[in-house]
Amino acid sequence: MSNAATFDTRTDTAIPVESPLAYSYRHSGAPRAGDSSRLQLRERAMLGHLILRGGAIVLDEAVRDVLGLNLPGQPQALVQDASGERSIQWLSPDEWLVIVPGGEEFPLETKLREHLGSAHFAISDVSGGQTVLELSGEAAQELLMKTVIYDVHPSNFPVGKGVTTIFAKATTIIRRPSEERWELVVRRSFADYCYRWLLDAAAEYGVNVEQ
Amino acid sequence: MFYIYCPYCGEHREEEEFHPKGQAHIERPKEPEACSDEEWGNYLFFRDNPRGVHHEMWVHAVGCRKFFNMTRHTVSYEILETYKMGEQPSITADSQNPPRETVPVSHPEGVRA
Ligand SMILES: [Zn+2]
């Protein structure tokens, strides 16, 4: 076990917890276009996000034993478990993003630290710093095409890919976990900006915001 | 716009994701205390400004955030290659420009854009 000081960032006190978009819902609303909608938008709030850094071989062994997932070694690769709730994404040759259901991140971090022992690695809990916005519907790709500089055509962006690039003016991770869904991992401080951009860009498709 | 191949991401990405970081392959003197003022000044402040092939360091700032090297032509702006840190360029001024005696006599200055 390493001697890193860790703590569970989730409090069990009665302080109400708000998602990064809580402010945006109050100030910008959550439009419902109903049946005419070609785009669904929802926040997958309060998930557990961990950044793993270190050598691929050492980390791969640890996440396979602890999480049951292979560490994606190929650039831009995104792997998920069967339920789609747990994922690991390649961010750089020595950096990966793990997203798990909220509350699982601290036990996972603890288990990984135990497993990795004195290996050379770093684990950072970034759950409070970012959130996931999910786009689905037939217009999702079209919306991304007019917003991001990256080529999101299916020939360049198949399912199981994820890239860090620029969404509007914000650094954003764009992922494609399935045929019909896209995920944006945005910084908490950019969440309102991204949300309002999405509402504006999606107005022509009749956006349905699911809260 | 440049369309830059990141050797770590393994694909071409938009210039907006990158920042140039100056001349590549500058080695910090192993023993700074043993340097003369001139050697230390050269290391700190003096950079090549060639007309032609140049080796530069870039960072994939929005992306993998890794530094890498680029061989670029300062007249045509053409990117000739990119390669990882610690590697050596395969294209250099010497490999690009044939030795002087084989250069044709009339060699117009400047390159059409
Ligand atoms: Zn890169």
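Calculation notes
- Residues numbered from 1 in each chain as written.
- Chains lettered and ligands numbered in written order.
- Predicted model: local features only at pLDDT ≥ 70, side-chain atom pairs only at ≥ 80, totals over all residues.
- Heavy atoms only, no water.
- Helix = DSSP H or I, 4+ residues; strand = E, 2+ residues; numbered from the N terminus.
- Rg over C-alpha atoms; globule rule 2.2 N^0.38 Å.
- Buried < 20%, exposed > 50% of the residue type's maximum accessible area, 1.4 Å probe, protein only.
- Contact = heavy atoms within 4.5 Å.
- Donors = N, O, S within 2.8 Å, 3.2 Å for Na, K, Ca; no water.
- Tetrahedral: all angles 85-135°; square planar, octahedral: opposite > 155°, others 65-115°.
- Salt bridge = Lys/Arg side-chain N within 4 Å of Asp/Glu carboxyl O.
- Domains from an automatic or database assignment.
- Buried area = accessible area lost by both parts, 1.4 Å probe.
- Polar contact = N/O pair within 3.5 Å; in protein donor to acceptor, adjacent residues only side chain to side chain.
- Nonpolar A, V, L, I, M, F, W, Y, C, P; charged D, E, K, R; others polar.
- Pairing = 2+ DSSP bridges.
- Axes fitted to C-alpha atoms, helices over the stretch in contact; angles between N-to-C directions.
- Lys, Arg positive; Asp, Glu negative; His and termini not counted.

In the annotation of an unreviewed UniProt entry, chain B is listed under the name Sarcosine oxidase subunit delta and assigned to Halovibrio variabilis.

Looking at an unreviewed UniProt entry, chain A carries the name Sarcosine oxidase subunit gamma, with the source organism given as Halovibrio variabilis.

**So, the overall build of chain A**
Counting secondary structure elements, chain A contains 5 helices and 11 strands. Taking 2.2 N^0.38 as the reference for a compact globule, 211 residues should give roughly 17 Å; the C-alpha atoms of chain A span a radius of gyration of 18 Å, in line with that estimate. In terms of its C-alpha atoms, chain A occupies a principal-axis envelope of roughly 55 × 45 × 30 Å. Expressed as a percentage of its 211 residues, the buried residues of chain A come to 50%. Sequence-distant contacts in chain A: of pairs separated by 6 or more residues, those separated by 24 or more amount to 67%.

**Quick notes on the coordination of the zinc ion**
Residue and element names in this part refer to chain B. Coordination of the zinc ion by the protein comes from Cys6 (SG), Cys9 (SG), His60 (ND1) and Cys64 (SG), over a distance range of 1.9 to 2.4 Å. Around the zinc ion, the 4 donor atoms are arranged such that angles at the metal cover 105 to 115°; this shape is classified as tetrahedral. For the zinc ion, the single-chain donor residues occur in sequence as C-x2-C-x50-H-x3-C. In this pair, Cys9 sits in the loop between strand S1 (3–6) and strand S2 (11–14) while Cys64 sits in the loop between strand S4 (53–59) and strand S5 (67–73), placing the two residues 55 residues apart along the sequence. Take Cys9: its relative accessible area is 3%, and that puts it in the buried class. Under the relative-accessibility criterion, Cys64 is labelled buried at 2%.

**Side note on the pattern of salt bridges**
All names here are of chain A. Counted according to the given criterion, the structure contains 25 salt bridges over all chains. For the salt bridge of Arg53 with Asp94, the shortest nitrogen-to-oxygen distance reads 2.9 Å. Of this pair, Arg53 sits in strand S2 (residues 48–54) while Asp94 sits in the loop between strand S4 (87–92) and strand S5 (95–100), and the two are 41 residues apart along the sequence. Overall, Arg53 belongs to the partly exposed group, its relative accessible area being 32%. Several salt bridges share partner residues, and in doing so they unite Arg42, Arg44, Glu134, Arg175, Arg181 and Glu183 into one network.

**With respect to the domain arrangement of chain A**
Residue and element names in this part refer to chain A. Structurally, chain A comprises domain 1 (21–44 + 133–211) and domain 2 (47–126). Put simply, the middle of domain 1 and the middle of domain 2, counted by C-alpha atoms, are 25 Å apart. Every contact between the two is made by 12 residues of domain 1 and, on the other side, 11 residues of domain 2. Summed over both sides, the interface between domain 1 and domain 2 buries roughly 980 Å², with carbon and sulfur atoms accounting for 51% of that surface. Across the domain 1-domain 2 interface, the total number found is 0 salt bridges. Our count for the contact surface shared by domain 1 and domain 2 stands at 6 residue pairs in polar contact (both at pLDDT 80 or more). For the side of domain 1 that touches domain 2, the secondary structure elements donating two or more residues are strand S8 (161–167), strand S9 (170–178) and strand S10 (181–187). Classifying every residue of the side of domain 1 that touches domain 2 gives 4 nonpolar, 3 polar and 5 charged.

**Description of the interface of chain B and chain A**
Every contact between the two is made by 12 residues of chain B and, on the other side, 17 residues of chain A. At the boundary of chain B with chain A, total buried surface from both sides reaches about 1200 Å², with 48% on carbon and sulfur atoms. At the boundary of chain B with chain A, the tally comes to 3 salt bridges. In this structure, Asp94 of chain A engages Lys66 of chain B in a salt bridge whose closest nitrogen and oxygen atoms are separated by 3.0 Å. Where chain B packs against chain A, one counts 7 residue pairs in polar contact (both at pLDDT 80 or more). Among the residues forming the side of chain B that touches chain A, the class breakdown is 4 nonpolar, 1 polar and 7 charged.

**Topic: the sheet that holds S4 of chain B**
Residue and element names in this part refer to chain B. If you trace the 4 strands from one edge of the open sheet to the other, you get S3-S4-S5-S6, paired in antiparallel fashion. Of all the strands in the sheet, the pair left with one neighbour each is strand S3 (19–23) and strand S6 (79–84). Neighbour-to-neighbour, the strand axes of the sheet open up by a mean angle of 30°, direction not taken into account.

**With respect to the side chain of Glu81 of chain B**
All names here are of chain B. Its location among the elements puts Glu81 in strand S6. Although buried, Glu81 forms no salt bridge, and the nearest oppositely charged side chain, Arg72, lies 12 Å from it. One polar contact links Glu81 to Ser90, side chain to side chain, over a distance of 2.7 Å. Residues contacting Glu81, with those up to four places away along its chain left out, are Asn69, Met70, Thr71, Pro89, Ser90 and Ile91.

**Observations regarding the sheet that holds strand S7 (residues 130–136) of chain A**
Residue and element names in this part refer to chain A. Pairing within the open sheet is mixed, and its 6 strands lie in the order S8-S9-S10-S7-S1-S11. At either end of the open sheet lies a strand with only one pairing partner, and these are S8 and strand S11 (207–210). Adjacent strand axes in the sheet meet at a mean angle of 25°, parallel and antiparallel pairs treated alike. Where strand S1 (residues 39–44) lies against S7, 5 bridges are found, and the strand directions are antiparallel. If you follow Gln40 over to S7, its bridge partner there is Ser136.

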